[in-house]
Amino acid sequence: MIPTPPNDLELEQIELDLFVQALRRRHGHDFSQYAPASLTRRVRQLVHDHRCVSISALTARLLHEADFVTQVVQGLSVPVSEMFRDPAVFRALREQVLPMLASYPQINIWQAGCAHGQEAYSLAILLEEAGLYERSHIFATDFNPEALQRAREGIYPARDAQLWSRNYLEAGGSQSLANYYSARYDYLKLHERLARNITFTSHNLVSDEVFCEAHLVLCRNVLIYFSNPLQNRTLTLFRDSLVRGGYLCLGLRETLEFAPVAADFSVLDAGRRLYRRYARGVAEGAA
Amino acid sequence: MTRPEAIAIGCSTGGFNALRVLLGGLAPDLPQTVLVCSHTGGSVALLCELLARHCALPVIEALERWPARGGTVQVAPGGYHLLLESDRRFALSVDRQVCFSRPSIDVMFGSVAEVYLAGAIGVILTGASRDGADGLAQIRARGGIAVVQTPVSADAAAMPQAALDTAGADHCLPLDLIAPLLNRLCLP
């Protein structure tokens, strides 16, 4: 039997609920369907970073200080990523998915939760090297405007280059990652031409709807922060956005067993979390 | 006294051998949930497979959204923090590293402390960082039991030493005596 939580945790829960309500009612950001364990950690981190005495103090600032919400949203989103993170996944995209996408005259890719853009640019490089980029478009979305701005700039700390280069080669890269960026001082800037077919745009998986017809949806390590109902809602968005036979790529440790809509996807590569929207009545080979 | 419900184990440098000894000594009918956070790197699937050869309990990777299982050793996946929701289901996070680590022992222990309260046992084994010290303090503060490997018996003394300095311990023992202690504390 699970014991009743002690007073301090119970009190914190009340404060957290009020914080979430204030964020939604005052600023329109709805975190009520986020999984509590991680949300609580992030809110505590905000309390700490902004030297507040409690979550309630944070809530007060959120209500009364005009620009404070920007910092709160920043603290509640996940900017952690790298280029070609989990190289085996990008290798599978290169070897198993892109050859299938090549049969479409126009390829639309939705990368949901793009953070600072590392994965969107990784995709652009994959498509470039497969000779498909000219007829591809990547919609890279995030709800965090600051992250989108960073993503558009394509500037990253140079210290990341070593890991990213290794990832790129492990993912089957045919050149050198350095061909795609210029390094200056302590930063590297990805070549602007990589961004030519990427639209970085605001989209909130909690509240926004389908906005494009996609042949591939990538959403890695975003759903881990969502409760079961929100995970299911998001996967439903992906299903409805995907063409029949379209591809879905999730984070390597994500679990679909608690999402009813998972029944609308077939497993392409379980280990790499690659799925396809069922193509009912449509020949698989044509997809 | 609250019967323990979960044993959380943290280790880093030298952790594989320490886990082999500790898990190898656990009673096959131990009903508790056993959680492991190890910085040993590499494939957790392989780690589970190797550890399972030495352990009478099943050893598996902790799976997102699934309930923590009793009588089973569940290992935090590489590259993710392992947390528990209040209904004792696993949650994962790719938030910033803590103590240069993800998974971080502090993060897992902190979550275990809040979910299992006085029913938690935290065990800090060999390691070269100070990860786990704060988490162990949280387990103790909520009434749980803190067990630390004696630094002299550890491959790397820093982590158990940091745990002792920060959290103190209810039991500080050489590695080979930890499993027998856990069996005594945990079996009905």
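Here goes a summary of the coordinates provided. Computed from a prediction, not measured in an experiment: that's the story for all the values here.

## Some details on the overall build of chain B
Secondary structure assignment for chain B yields 6 helices and 9 strands. Against the compact-globule benchmark of 16 Å for 188 residues, chain B has a radius of gyration of 14 Å, which places it among compact chains. If one aligns the C-alpha atoms of chain B with their principal axes, the spans along those axes are about 40 × 35 × 35 Å. Counting the 188 residues in chain B, one finds 59% classified as buried. When contacts within chain B are restricted to residue pairs at least 6 apart in sequence, those whose partners lie at least 24 apart make up 68%.

## Here's the deal with the pairing of strand β1 (residues 107–112) of chain A
Residue and element names in this part refer to chain A. Counting buried positions over the 6 residues of β1 gives 6, a clear majority of the element. Side chains I107, I109 and Q111 project from β1 onto one buried face, and the interleaved N108, W110 and A112 project onto a second face that is buried too. Direction of pairing for β1 relative to strand β2 (residues 136–142): parallel, over a ladder of 6 bridges. Bridge assignment links I109 to a residue of β2, and that residue is I138.

## Some words on the interface of chain A and chain B
Contact residues are listed per partner, giving 34 residues for chain A and 27 residues for chain B. Carbon and sulfur atoms supply 48% of the area that chain A and chain B bury against each other, a total of about 2,500 Å² over both sides. Summed over the shared surface of chain A and chain B, the result is 4 salt bridges. Where R253(A) meets E61(B), a salt bridge forms, and the shortest distance between an N and an O atom there is 2.5 Å. Listed by contribution, the elements that provide at least two residues to the side of chain A that touches chain B are α1 (7–27), α2 (36–49) and α9 (228–241) of chain A.

## Section: the sheet that holds strand β7 (residues 120–124) of chain B
All names here are of chain B. Read from one edge of the open sheet, 7 strands run β3-β4-β2-β1-β7-β8-β9, paired in parallel fashion. This sheet does not close on itself; its edge strands, each paired only once, are β3 (59–61) and β9 (171–173). With strand direction ignored, the average angle separating the axes of adjacent strands in the sheet is 20 degrees. Direction of pairing for strand β1 (residues 6–11) relative to strand β2 (residues 33–38): parallel, over a ladder of 6 bridges. Looking at β2, one finds that A8 is bridged to L35. Most of the contacts of helix α1 (residues 15–24) go to β1, to which it runs at about 155 degrees, and overall it touches β1, β2, β4 (72–75) and β7. Each of β2, β3 and β4 touches helix α2 (residues 44–52); the most contacted strand, β3, lies at about 170 degrees to it.

## A few points about the packing of aromatic side chains
Residue and element names in this part refer to chain A. Per the stated rule, a full pass over the model turns up 12 aromatic pairs over all chains. Ring centres 4.5 Å apart and planes at 45 degrees place the aromatic pair F31 and Y34 in the tilted group. Y34 carries the same exposure label as F31, and that label is buried. Arranged with centres 5.2 Å apart and planes meeting at 85 degrees, the rings of W110 and F238 form a pair that is edge-to-face. Placement of the pair is W110 in strand β1 and F238 in helix α9, with a sequence separation of 128 residues. Taking the relative accessible area as the measure of exposure, W110 reaches 0% and is therefore buried. Between the NZ or CZ atom of R42 and the centre of the ring of Y225, over which it lies, the distance is 4.1 Å. Directly above the aromatic system of F68 lies the positively charged group of R61, at a separation of 4.1 Å from the ring centroid.

## A short note on the pattern of salt bridges
Residue and element names in this part refer to chain A. If you walk through the whole model with that rule in mind, you get 24 salt bridges over all chains. Across the salt bridge formed by D240 and R239, the nearest N and O atoms sit 2.9 Å from each other. The class for D240 is partly exposed, based on a relative accessible area of 41%. The shortest N-O distance in the salt bridge between D264 and R239 comes to 2.6 Å. With D264 in the loop between β8 (242–250) and β9 (265–269) and R239 in helix α9, this pair connects stretches of sequence that are 25 residues apart. As far as the burial class goes, D264 and R239 line up, both buried. Taken together, the salt bridges that share partners define one network made up of E128, E134, R193 and R196.

About the criteria used
- Residues numbered from 1 in each chain as written.
- Chains lettered and ligands numbered in written order.
- Predicted model: local features only at pLDDT ≥ 70, side-chain atom pairs only at ≥ 80, totals over all residues.
- Heavy atoms only, no water.
- Helix = DSSP H or I, 4+ residues; strand = E, 2+ residues; numbered from the N terminus.
- Rg over C-alpha atoms; globule rule 2.2 N^0.38 Å.
- Buried < 20%, exposed > 50% of the residue type's maximum accessible area, 1.4 Å probe, protein only.
- Contact = heavy atoms within 4.5 Å.
- Pairing = 2+ DSSP bridges.
- Buried area = accessible area lost by both parts, 1.4 Å probe.
- Salt bridge = Lys/Arg side-chain N within 4 Å of Asp/Glu carboxyl O.
- Axes fitted to C-alpha atoms, helices over the stretch in contact; angles between N-to-C directions.
- Phe/Tyr/Trp six-rings, centres within 6.5 Å; stacked < 30°, edge-to-face > 60°.
- Lys NZ or Arg CZ within 6 Å of the ring centre and 35° of its normal.

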